[in-house]
Amino acid sequence: MAGGHRLLLENARQVVLVCARGERFLTRDALRSLEVLEGASLVVGTDGFIKAIGPADAIQKQFSEETFEERIDCSGKCILPGLVDAHTHPVWAGERVHEFAMKLAGATYMDIHQAGGGINFTVERTRQASEEELYSSFQQRLGCMMRAGTTLVECKSGYGLNLETELKMLRVIERARQELDIGISATYCGAHSVPKGKTASEAADDIIKNHLPRLKELGRNGEIHVDNIDVFCEKGVFDLDSTRRILQSGKDIGLQINFHGDELHPMKAAELGVELGAQAISHLEEVSDEGIAAMASARCSAVLLPTTAYMLR
Ligand SMILES: N=CN[C@@H](CCC(=O)O)C(=O)O
């Protein structure tokens, strides 16, 4: 029976599939031979999902009775999957340009952080900003990402630290998920820094006793959707024990573990991530050989962020 579809991309010179046999991702030598179809077409259904990909003549035959809201002639063109940005902190207020002068004068990222700058500076400005202001700048940042080809972006909270501002950030992320044409994976990062006046252990207790139960409740009511939990596991920020407690509690309410580890100091964060069943660990400049081996066998993704090593140093 004939049906309606959203889009037919016809006769592309190439369609890059990346994976040929339903793998979630490729690793090592397999990355050298991406699956590419020559002279192919692609059908997108009304739900936005790809319904068929194949040789142009076979697709034409298979869908000859069907209708499309739009058809695009892709002769001479290449169809690529959208880019996935796996680590962003895109909801924030305030500028930290003045910190570059401190860095040029020799201060490290952690010197500035410990003096109340860095993340803490952004936390102050983000607490003061209205939800509307945060949404407006976030929307512009997402627009830039979309123009550069990103179709799925992981978005972290983490410039609130207190429950009120963390929820404000997560509502902003939720609104973008509803209103904008980009996929969003939302990450609660309330343990991005230890709030003033608390120890790491006290901050972990607050997150476990107050933040996570509220996230669970709001998720159940459908008010926000949070996919992942993150902690900045770092010397002088969250130690291994507090990180473990927070991540495990997040996992217990159904969040996937995706956290900052082994960035500035070796912390054995990779080993911890594997023990807890993390989906991904970011940064990893100081990861141990054992941590790399453990992540490889657990198929835990490493999110490498080479430019932060220059920007944050
Ligand atoms: N390393 C910690 N977190 C961020 C930077 C946050 C900030 O400095 O505002 C990162 O992933 O790069």
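Basis of the calculations
- Residues numbered from 1 in each chain as written.
- Predicted model: local features only at pLDDT ≥ 70, side-chain atom pairs only at ≥ 80, totals over all residues.
- Heavy atoms only, no water.
- Helix = DSSP H or I, 4+ residues; strand = E, 2+ residues; numbered from the N terminus.
- Buried < 20%, exposed > 50% of the residue type's maximum accessible area, 1.4 Å probe, protein only.
- Contact = heavy atoms within 4.5 Å.
- Near = heavy atom within 4 Å.
- Polar contact = N/O pair within 3.5 Å; in protein donor to acceptor, adjacent residues only side chain to side chain.
- Areas by Shrake-Rupley, 256 points an atom, 1.4 Å probe, with all protein chains shown as cover.
- Nonpolar A, V, L, I, M, F, W, Y, C, P; charged D, E, K, R; others polar.
- Phe/Tyr/Trp six-rings, centres within 6.5 Å; stacked < 30°, edge-to-face > 60°.
- Lys NZ or Arg CZ within 6 Å of the ring centre and 35° of its normal.
- Axes fitted to C-alpha atoms, helices over the stretch in contact; angles between N-to-C directions.
- Left-handed = near helix turned anticlockwise from the far one by under 90°.
- Pairing = 2+ DSSP bridges.

**Some points on the overall build of the protein**
Part 1 of the reasoning: From N to C terminus, the protein includes eleven helices and twelve strands.
Part 2 of the reasoning: Overall, the C-alpha framework of the protein stretches about 70 × 45 × 40 Å when taken along its three principal axes.
Part 3 of the reasoning: The buried share of the protein, reckoned over its 313 residues, is 44%.
Part 4 of the reasoning: Put simply, 67% of the contacts in the protein that link residues at least 6 apart link residues at least 24 apart.

**Details of the site of the ligand**
Part 1 of the reasoning: Not every one of the 13 residues close to the ligand is listed here, only the nearest: His87, Arg96, Tyr109, Tyr159 and Glu263.
Part 2 of the reasoning: At a separation of 2.9 Å, a nitrogen atom of the ligand approaches a polar side-chain atom of His192.
Part 3 of the reasoning: Summarising the interface, the protein chains cover 94% of the accessible area of the ligand, which totals 330 Å² for the free molecule.
Part 4 of the reasoning: Each residue belonging to the shell around the ligand can be placed in one class, and the counts come to five nonpolar, six polar and two charged.

**Some details on helix H4 (residues 119-128)**
Part 1 of the reasoning: Within H4, burial applies to Ile119, Asn120, Phe121, Thr122, Val123 and Thr126.
Part 2 of the reasoning: Tucked inside the fold, the buried residues of H4 contact helix H2 (98-104), helix H3 (109-114), helix H5 (131-147) and helix H6 (163-179).

**What to know about the packing of aromatic side chains**
The way to describe two aromatic rings as a pair is by their centre distance and the angle between their planes.
Part 1 of the reasoning: Inspection of the entire model under this criterion finds one aromatic pair.
Part 2 of the reasoning: An angle of 50° between the planes, with centres 6.3 Å apart, marks the rings of Phe63 and Phe68 as tilted.
Part 3 of the reasoning: If you follow Arg175 out to its NZ or CZ, it ends over the ring of Tyr135, 3.8 Å from the centre.

**Remarks on the environment of Met145**
Part 1 of the reasoning: Looking at the element boundaries, Met145 is found in helix H5.
Part 2 of the reasoning: In the structure, Met145 is positioned 62 residues away from Leu83 in sequence and 9.4 Å away in space, judged by C-alpha atoms.
Part 3 of the reasoning: Not counting the four nearest positions on each side in its chain, Met145 is found in contact with Thr88, Pro90, Thr150 and Val153.

**A look at the packing of H6 against helix H7 (residues 200-220)**
Part 1 of the reasoning: At a minimum axis separation of 11 Å, H6 and H7 run at an interaxial angle of 35°. Pair H6 / H7 crosses with right-handed handedness. Across the interface between the two elements, Leu163, Glu166, Leu167 and Leu170 of H6 pack against Asn210, His211, Arg214, Leu215 and Leu218 of H7.
Part 2 of the reasoning: For the contact of H6 with H7, the residue count by class is five nonpolar, two polar and two charged.

**Some thoughts on the sheet that holds strand S10 (residues 256-261)**
Part 1 of the reasoning: Across the sheet, which stays open at both edges, the seven strands sit in the order S6-S7-S8-S9-S10-S11-S12 with parallel pairing between neighbours. Looking along the sheet, the strands with just one partner apiece sit at the ends: strand S6 (83-85) and strand S12 (301-303). Looking at each pair of strands side by side, their axes are set apart by 20° on average, direction ignored.
Part 2 of the reasoning: Here three bridges tie S6 to strand S7 (residues 150-156), and the two strands are oriented parallel to one another. Counterpart to Leu83 in the pairing with S7 is Thr150.

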